[in-house]
2 protein chains.
Amino acid sequence: MNVASREIHLAARPVGEPAAEHFRLVTAEVPDLAEGQILVRNTWISVDPYMRGRMNDAPSYIPPFALDAPMEGSAYGEVVASRSGIAVGAHVVHFLGWREYAVVDAATATVVDPSQASPEHWLGALGTTGLTAYAALTEVAPVKEGDVVFISAAAGAVGSVAGQLARKLGAAKVIGSAGGPVKARKVVEDFGFDAAIDYREGDLPGRLAALAPDGIDVYVDHVGGDHLEAAIGALRHGGRIALVGAIAEYNTTEPVPGPGNLFRLVAREASVRGMLVSSYLPLFGEYVGKAAGWLADGSLRTEETVVDGLENAPEAFLGVLRGANTGKMLVRL
Amino acid sequence: MNVASREIHLAARPVGEPAAEHFRLVTAEVPDLAEGQILVRNTWISVDPYMRGRMNDAPSYIPPFALDAPMEGSAYGEVVASRSGIAVGAHVVHFLGWREYAVVDAATATVVDPSQASPEHWLGALGTTGLTAYAALTEVAPVKEGDVVFISAAAGAVGSVAGQLARKLGAAKVIGSAGGPVKARKVVEDFGFDAAIDYREGDLPGRLAALAPDGIDVYVDHVGGDHLEAAIGALRHGGRIALVGAIAEYNTTEPVPGPGNLFRLVAREASVRGMLVSSYLPLFGEYVGKAAGWLADGSLRTEETVVDGLENAPEAFLGVLRGANTGKMLVRL
């Protein structure tokens, strides 16, 4: 086909924190399409914390990235050639990101309507990012009318959506935590949380107790570590914790001690439950149906941190792991 | 009324492990009955691990024992005087144990049929002990057909019942852990588990993996600590853990580090949920209806460790905390 595509390969598996040397920019010729495939020119790609796990050669719920092959992840683009029912010119979301051109099995691509929402939204609040927040708060740790809800990484992609969904689901108070005063202010002013904790100021349990003197009912955990322990300490009877991720633990090389207060779950009859968004894909239609309207009427607000150029995708990804983003971190090609 | 009753008072609050000095044997005069009360001559009393928590002066789901007042707990006895609808001569289960005679509000006593089951069963497998096992395996961490189930403290009162109930609920394999070879053998030979681990031999994770090479679906935790961590490590996708207690942590004075592998709950989409039997009392009728039949036909086997004499109740209780019992620990007066 004589199309050259630049792509980011996994060059080496990191131990602990990843760095630039673990990635490699490669130019490759795009193979011909087989029957049932489409060629997509990616215009936006998503970089997400969970990808850190795929850099390890360890069995998990999703296979590791292969060495010396392109990384993968959600991407948005335009169909430029097709041997399938998807027409050239269509816009699609698919899972072969980290490259300029992708040969995609049409069955794994979703055609989206660019007039309904922007690429940023299709990859963010209307994508698995938003669905994660929705599933966490409706299925895994369901919010009930009047609940006090605590959300970590509240300025992040999932957290910023989760706080707003919690309110729509009936929460009486929504508290977020974020790193640094700028993000903490955004959490309240831009994403409509009732209060925010800048966890870098320390004493997370004390700050949480001050903001929720009668405790919390629901916690959405993205970070693990001290956040999880503080949330367990604040749980009310029947409290529910959704474990979505543990950014604080992704780069550790030693096991991190678990929360020392886990036994409190007994007296509080509380629960901690892990989730993978892949189990909630059947909710997508229901969720997008609601969220597209909320985005359109301005009652669901998002923010994106955009980095330009495929060559800067590794740095964007490393930034997500450090919390350099507000909202969804995206790379525009 | 001129009835003298010997009773065990809490003499001092222990820090760490309790000892004889924290209890006092007192002889007191029994007060007159008020309207709606019964006088019960206790013949059996129950000593249970959870009572350790009530010796602390700390807010919890159940008030602490008062200093210089009788301890409390489940008891079985005969009504010897009544100013209520309960007849003299009736047999009752109530919550004012640790004493020879108890003045009980009739509304808090349950009349039982001594021809249907023994006092040991009314305080054990047909009491909150059995209900704990039933609620754990039907409501908190429900057993499904074909599940692999792991139960700690499997020679204990709740654990020995739980293993047998798991099988009745459809488990394909039931594994127990117990301290020492004698108990481990009992777990298999007397209580019908498929396999038992003597955790004193070490390498609990390795032994569990050998017995359940494809992992476990359900775990009933009575001990916390290394057992909980080993169970989380062995969980299959969608696995469920019921937290019933944490004997290993009751006497600690420092926070115990939590399981270092809690984050695995995400990839396994697994859950950990605490429970208090008091929330499941509405299941009592359903459970006793089944369990009385199983006890009668011999398909549910129990064992009791019986200590004679109220004066030996503290030693019996200390024994439960050390694992000196097989099955339910009871004091016969």
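Going by what an unreviewed UniProt entry lists, chain A is known as Enoyl reductase (ER) domain-containing protein and is assigned to Phytomonospora endophytica.

Draft legend 1. Fine view of the packing of aromatic side chains. All names here are of chain A. If you walk through the whole model with that rule in mind, you get 10 aromatic pairs over all chains. Seen from their ring centres, F23 and W98 are 6.1 Å apart, and the 5° between their planes marks the pair as stacked. Of this pair, F23 sits in strand β2 (residues 23-29) while W98 is found in the loop between β5 (91-94) and β6 (101-105), placing the two residues 75 residues apart along the sequence. When its relative accessible area of 9% is taken as the criterion, F23 is described as buried. Between the aromatic rings of F23 and F317, the centroid separation amounts to 6.1 Å while the plane-to-plane angle is 75°, which identifies the pairing as edge-to-face. Taken together, the residues span a long stretch of sequence, with F23 in strand β2 and F317 in helix α11 (residues 313-322) at a distance of 294 residues. With a relative accessible area of 0%, F317 lands in the buried category. Here the aromatic residues F23, W98 and F317 are joined through ring pairs into a cluster of three or more.

Draft legend 2. Up close: the domain arrangement of chain A. All names here are of chain A. What the domain assignment reports for chain A is domain 1 (4-124 + 302-332) and domain 2 (128-278). Taken over C-alpha atoms, the centre of domain 1 sits 28 Å from the centre of domain 2. In this complex, domain 1 contributes 19 residues to the contact, which on the side of domain 2 involves 16 residues. Between domain 1 and domain 2, roughly 1400 Å² of surface is buried when both sides are summed, and carbon and sulfur atoms account for 56% of that area.

Draft legend 3. Inspection of the side chain of S152 of chain A at higher detail. Examined against the element boundaries, S152 of chain A turns out to sit in the loop between β8 (148-151) and α4 (157-168). Reaching out from S152 of chain A, the side chain makes a polar contact with the side chain of Y219 of chain A at a distance of 3.2 Å.

Draft legend 4. Region of interest: the sheet that holds strand β10 (residues 195-198) of chain B. In space, the 12 strands of this open sheet follow the order β10(A)-β9(A)-β8(A)-β11(A)-β12(A)-β13(A)-β13(B)-β12(B)-β11(B)-β8(B)-β9(B)-β10(B), with mixed pairing throughout. Edge positions in the open sheet fall to β10 (195-198) of chain A together with β10 of chain B, since each of these has one partner strand only. Taking the axes of each pair of neighbouring strands and ignoring which way they run, one obtains an average angle of 15° across the sheet. As paired elements, strand β13 (residues 271-274) of chain A and strand β13 (residues 271-274) of chain B share 3 bridges and run antiparallel to each other. Note that in β13 of chain B the partner of V272 of chain A across the bridge is V272 of chain B. Contacting β8 and β9 (173-178) of chain A, α4 of chain A runs over the sheet at an angle of about 175° to β8 of chain A. Lying over the sheet, helix α5 (residues 181-189) of chain A contacts β9 and β10 of chain A, oriented at roughly 165° with respect to β10 of chain A.

Draft legend 5. Summary view of the pairing of β10 of chain A. Residue and element names in this part refer to chain A. One ladder, built from 4 bridges, connects β9 with β10; its direction is parallel. Of the residues in β10, the one forming a bridge with A178 is D198. As for the winding sense of the linkage, the β-α-β connection from β9 through α5 to β10 is right-handed.

Draft legend 6. Just the pattern of salt bridges, in detail. Following the criterion strictly, the structure yields 32 salt bridges over all chains and no others. Ionic pairing is found between D308 of chain A and R332 of chain A, a salt bridge with its closest N-O pair at 2.8 Å. In this pair, D308 of chain A is assigned in strand β14 (residues 304-308) and R332 of chain A in strand β15 (residues 328-332), connecting sequence segments 24 residues apart. By relative accessible area, which is 42% here, D308 of chain A ends up partly exposed. The partner of D194 of chain B in a salt bridge is R167 of chain B, and the shortest N-O contact between them spans 2.9 Å. Highlighted residues: D194 of chain B in the loop between α5 (181-189) and β10 and R167 of chain B in helix α4 (residues 157-168), separated in sequence by 27 residues. Judged by relative accessible area, which is 31%, R167 of chain B ranks as partly exposed. Salt bridges sharing common partners tie together R6, E100 and E311 of chain A.

Cut-offs used in this document
- Residues numbered from 1 in each chain as written.
- Chains lettered and ligands numbered in written order.
- Predicted model: local features only at pLDDT ≥ 70, side-chain atom pairs only at ≥ 80, totals over all residues.
- Heavy atoms only, no water.
- Phe/Tyr/Trp six-rings, centres within 6.5 Å; stacked < 30°, edge-to-face > 60°.
- Helix = DSSP H or I, 4+ residues; strand = E, 2+ residues; numbered from the N terminus.
- Buried < 20%, exposed > 50% of the residue type's maximum accessible area, 1.4 Å probe, protein only.
- Domains from an automatic or database assignment.
- Contact = heavy atoms within 4.5 Å.
- Buried area = accessible area lost by both parts, 1.4 Å probe.
- Polar contact = N/O pair within 3.5 Å; in protein donor to acceptor, adjacent residues only side chain to side chain.
- Pairing = 2+ DSSP bridges.
- Axes fitted to C-alpha atoms, helices over the stretch in contact; angles between N-to-C directions.
- Right-handed = clockwise from strand over helix to strand, strands pointing away.
- Salt bridge = Lys/Arg side-chain N within 4 Å of Asp/Glu carboxyl O.

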